[in-house]
Amino acid sequence: MSDSATLHTPLHALHVELGARMGPFAGYDMPIQYGTGILAEHLHTRSRAGLFDVSHMGQAELVGPDHATVAAALERLCPADFLGLAPGRQRYSQLLNAEGGVIDDLMVSRPPGADGRLNLVVNASRKAIDFVLLQSNLPSSVRLIRLDRLALVALQGPAAVAALERLAPDGGLAAMSFMAVQPVRLDRFTAFVSRSGYTGEDGFEISLPADEAEAFARRLLADPEVAPIGLGARDSLRLEAGLCLYGHELDETIDPIEAGLAWSIQKRRRVEGGFPGAARVQAALAKGPARQRVGIRPDGRAPAREGAEIVDASGAPLGVVTSGGFGPSVGAPIAMGYVASAAAAPGAAVSLMVRGKPLAARVSPLPFHPHAYHRG
Amino acid sequence: MTEIRFTKDHEYVRVEGDLAVVGISDHAQEQLGDVVFVELPAIGAKLAKGDSAAVVESVKAASDVFAPVSGEVVEVNKEVDAQPALINEDAMGRGWILKIKLADAGELASLLSEADYGAFLQTLA
């Protein structure tokens with residue numbers, strides 16, 4: 001039972017009706033799993049289509065006189081190139097502090113046909129901090145508008161595009177490439193859709209009015225290919241996909257280069273800087289970071305969890321596990337963590353301290369399970 | 001007659017002569033979710049009642065199995081080692097985890113009967 005201070009998404013009643021086991025996450029009462037369990041939900045998403053409620057995440061828009069002004073305002077806080085973001089495209093980036101540490105990671109999209117608007121999706125656990133940061137750092141010509149009356153759901157998996165197309169046969173969904181964004185009429189619902197997600201699978205993230213979210217979710221769940229998926233499987237899916245989770249692989253002491261996110265900092269920004277912590281980021285790009293995010297595969301079958309110390313053969317500390325568990329599609333335990341760069345080569349042998357004993361493991365390339373994004 | 005007793009930590013003990021067959025209850029496996037690994041004790045390990053006897057790892061978390069009675073570990077379930085999901089499929093039967101040679105049968109008296117465990121589960125709902 002949740003207490004009165006816990007928040008509910010617009011789909012809360014639906015989760016309870018579907019028999020979800022609920023649990024707290026970022027101040028919300030969220031579905032951790034449904035009847036069939038985490039393993040089955042994970043595998044269903046990779047073979048068919050999983051529907052995730054991610055309405056707890058923060059949605060907002062930046063509004064200004066034109067694209068260049070709004071993009072420049074965001075570029076003062078994030079290291080990505082937003083000036084060059086084309087209409088109908090989305091980009092992944094981070095909000096950085098003065099030391100180059102990550103305050104949050106986020107998706108930024110430029111809706112087609114609307115000049116001077118950028119849509120933001122940020123993490124639930126950080127949205128309060130993010131919105132204060134943004135509001136305090138915008139020029140007078142740019143406003144932040146919180147979109148608290150929007151829900152957000154994700155439909156992920158190889159059957160996702162067909163399932164969504166059944167609601168919008170002329171919506172142009174199949175033609176959307178990975179990281180494209182557009183408004184779409186899905187059945188009777190008006191939505192803003194991106195072809196993106198947090199599972200490594202092809203799929204879509206769908207933003208729509210909160211008071212329509214339950215009817216929309218029910219419509220999708222009526223499709224035999226679609227099953228509801230909880231946060232438990234969301235975590236195992238993103239871990240297999242090698243994706244960062246704020247508070248684990250990202251926090252205010254970790255910069256994007258150590259985190260392996262240099263790809264999200266486009267060339268012009270690397271050269272020009274002009275974002276918080278640019279000096280640290282540029283130094284790490286030039287010399288290589290001192291530590292790096294890596295994948296780790298235990299040799300045996302015992303999982304290693306977040307917080308497990310990573311040591312070398314002599315027991316000397318190398319780093320720490322930031323996420324760990326079992327990968328249902330991999331069929332083996334997997335983990336991510338940070339290690340000293342000298343020890344970060346794929347294949348390098350390490351030990352993970354689990355219940356006081358060193359377990360043999362190896363540094364592994366990421367992702368653990370291949371991405372299936374629709375590159376078109 | 002096979003006697004079965006439970007702990008409030010959701011372990012069970014099935015007495016077979018002077019051996020105690022130990023596992024986790026059906027309620028426990030349901031709460032844990034899909035079991036992916038079981039860390040078993042060494043044969044010959046001497047356990048005191050309440051010691052961590054084994055660890056059951058689910059997709060989400062690790063959970064200790066505490067020895068409900070004292071004694072020496074004489075057998076561990078190789079089937080569960082190879083197929084951890086057995087604990088989900090048949091926690092009370094084929095999903096047993098270890099067998100302890102009872103050091104003190106008197107310890108059983110303070111454990112819950114099946115009826116009392118059932119009543120205990122009701123209080124948790």
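Rules and cut-offs
Residues numbered from 1 in each chain as written. Chains lettered and ligands numbered in written order. Predicted model: local features only at pLDDT ≥ 70, side-chain atom pairs only at ≥ 80, totals over all residues. Helix = DSSP H or I, 4+ residues; strand = E, 2+ residues; numbered from the N terminus. Buried ≥ 20, exposed ≤ 12 C-beta atoms within 10 Å, placed from the backbone. Contact = placed C-beta atoms within 7 Å. Rg over C-alpha atoms; globule rule 2.2 N^0.38 Å. Core = buried A, V, L, I, M, F, W, Y, C linked by C-beta atoms within 7 Å. Domains from an automatic or database assignment. Pairing = 2+ DSSP bridges. Nonpolar A, V, L, I, M, F, W, Y, C, P; charged D, E, K, R; others polar. Axes fitted to C-alpha atoms, helices over the stretch in contact; angles between N-to-C directions. Parallel < 35°, antiparallel > 145°, perpendicular 65-115°, else oblique. Left-handed = near helix turned anticlockwise from the far one by under 90°.

**Some points on the overall build of chain B**
Next, step 1: Counting its secondary structure elements, chain B contains 4 helices and 9 strands.
Next, step 2: Mapped from its N terminus to its C terminus, chain B presents α and β elements in the order β-β-β-α-β-β-β-β-β-α-α-β-α.
Next, step 3: For the C-alpha atoms alone, the extent of chain B along its principal axes is close to 35 × 35 × 25 Å.
Next, step 4: In chain B, which comprises 125 residues, the share counted as buried stands at 41%.
Next, step 5: Long-range pairs, those at least 24 residues apart, make up 61% of the contacts in chain B with a sequence separation of at least 6.

**Some details on the overall build of chain A**
Next, step 1: Looking only at helices and strands, one finds 9 helices and 19 strands in chain A.
Next, step 2: Against the globule reference of 21 Å for 376 residues, chain A gives a C-alpha radius of gyration of 21 Å, in line with a compact fold.
Next, step 3: Principal axes of the C-alpha set define a box for chain A whose edges measure 65 × 50 × 45 Å.
Next, step 4: When each of the 376 residues of chain A is scored for burial, the buried share is 50%.
Next, step 5: Long-range pairs, those at least 24 residues apart, make up 66% of the contacts in chain A between residues at least 6 apart in sequence.

**With respect to unusual backbone geometry**
Next, step 1: Omega for the peptide link from A:Leu366 to A:Pro367 comes to 0°, which places this bond in the cis form.
Next, step 2: When you line up the elements, A:Pro367 lands in the segment after strand 19 (357-364).
Next, step 3: At A:Arg355, a residue that is not glycine, the phi angle is positive and equals roughly 50°.
Next, step 4: Along the chain, A:Arg355 falls in the loop between strand 18 (349-354) and strand 19.
Next, step 5: Assessed through the 13 C-beta atoms surrounding it within 10 Å, A:Arg355 is described here as partly exposed.
Next, step 6: One non-glycine residue, B:His10, lies in positive phi territory at about 75°.
Next, step 7: Topologically, B:His10 is positioned in the loop between strand 1 (3-6) and strand 2 (11-16).
Next, step 8: Residue B:His10 is classed as buried on the basis of its C-beta count, with 24 C-beta atoms lying within 10 Å.

**A closer look at the nonpolar core**
Proteins that are soluble and globular tend to have nonpolar side chains buried together.
Residue and element names in this part refer to chain A.
Next, step 1: Of all hydrophobic cores here, the largest spans 128 residues; its most connected members are Val153 and Leu155.
Next, step 2: Both domain 1 (12-56 + 149-240) and domain 2 (290-376) contribute no fewer than three residues apiece to this core.
Next, step 3: Excluding anything up to four places from it in sequence, Leu155 contacts Ala49, Leu51, Ala160, Ala163, Leu164, Gly203, Phe204, Ile206 and Leu220.
Next, step 4: Core analysis: the next-biggest nonpolar cluster, separate from the first, contains 7 residues, Ala20, Tyr28, Ile32 and Leu231 among them.

**What to know about helix 2 (residues 38-47) of chain A**
Next, step 1: Of all 10 residues making up helix 2 of chain A, 7 are buried, and the element is well covered by its neighbours.
Next, step 2: On its buried face, helix 2 of chain A is in contact with strand 2 (28-33), strand 3 (49-53), strand 9 (150-156), strand 13 (226-229) and helix 7 (231-240) of chain A.

**Quick notes on the sheet that holds strand 1 of chain B**
Residue and element names in this part refer to chain B.
Next, step 1: Across the sheet, 6 strands lie side by side as 1-2-3-9-8-5; this open sheet has antiparallel pairing. The open sheet terminates on both sides in strands that have one partner only, identified here as strand 1 and strand 5 (46-47).
Next, step 2: Across 2 bridges, the pairing between strand 5 and strand 8 (residues 71-76) is antiparallel. Paired with Lys46 across the bridge in strand 8 is Glu72.

**Notes on the interface of chain B and chain A**
Next, step 1: Facing the 10 residues of chain B at the interface are 13 residues of chain A.
Next, step 2: Put simply, the parts of the chain that give the side of chain B that touches chain A at least two residues each are strand 4 (35-39) and strand 6 (52-58) of chain B.
Next, step 3: Tallying contributions element by element places strand 4 of chain B first for the side of chain B that touches chain A, with 3 residues.
Next, step 4: Within the side of chain B that touches chain A, the residues separate by chemical class into 5 nonpolar, 1 polar and 4 charged.

**So, the domain arrangement of chain A**
Residues and elements named next belong to chain A.
Next, step 1: The domains assigned to chain A are domain 1 (12-56 + 149-240) and domain 2 (290-376).
Next, step 2: On a C-alpha basis, the centres of domain 1 and domain 2 stand 29 Å from each other.
Next, step 3: Taken residue by residue, the interface counts 14 residues in domain 1 and 17 residues in domain 2.
Next, step 4: Counting only elements with at least two residues in the side of domain 1 that touches domain 2, the list comes to helix 2 and helix 7.
Next, step 5: Top element by residues in the side of domain 1 that touches domain 2 is helix 2. It accounts for 4 residues.

**A closer look at the packing of helix 2 of chain A against helix 7 of chain A**
Residue and element names in this part refer to chain A.
Next, step 1: Two elements in contact, helix 2 and helix 7, have axes whose closest approach is 8 Å; the angle formed by their N-to-C orientations is 55°. Overall, the two elements helix 2 and helix 7 adopt an arrangement that is oblique. Handedness of the helix 2/helix 7 crossing: right-handed. Facing Ile38, Glu41, His42 and Thr45 of helix 2, the residues of helix 7 in contact are Gly232, Ala233, Ser236 and Leu237.

**Overview of the sheet that holds strand 4 of chain B**
All names here are of chain B.
Next, step 1: Pairing in this open sheet of 3 strands is antiparallel, and the strands run 4-6-7 from one edge to the other. Two strands in the sheet have a free side with no partner beyond their single neighbour: strand 4 and strand 7 (62-66). Sheet twist, expressed as the average angle between the axes of neighbouring strands with direction ignored, equals 25°.
Next, step 2: Note: strand 6 against strand 7, 5 bridges, orientation antiparallel. Note that in strand 7 the partner of Glu57 across the bridge is Ala62.

**Section: the environment of B:Lys49**
Residues and elements named next belong to chain B.
Next, step 1: Counting through the fold element by element, Lys49 comes out in the loop between strand 5 and strand 6.
Next, step 2: For the pair formed by Lys49 and Ala103, sequence separation is 54 residues and the distance between their alpha carbons is 9.9 Å.
Next, step 3: If near-sequence neighbours (up to four positions away) are discounted, Lys49 is found in contact with Ala67, Pro68, Val69, Ser70 and Glu107.

**Quick look at the pairing of strand 9 of chain A**
Residues and elements named next belong to chain A.
Next, step 1: Judged by how many residues are buried, strand 9 sits mostly within the fold: 7 of 7 residues are covered.
Next, step 2: Residues Leu150, Leu152, Ala154 and Gln156 point to one face of strand 9 and Ala151, Val153 and Leu155 to the other, with burial holding for every one of them.
Next, step 3: Here strand 3 runs beside strand 9; their pairing, made up of 4 bridges, is antiparallel. In the sheet register, Gly50 faces strand 9, and the bridge partner there is Gln156.
Next, step 4: Sheet topology note: the strand 9/strand 12 (residues 203-209) ladder contains 7 bridges and is antiparallel. By the bridge assignment, Ala154 is partnered in strand 12 with Glu205.

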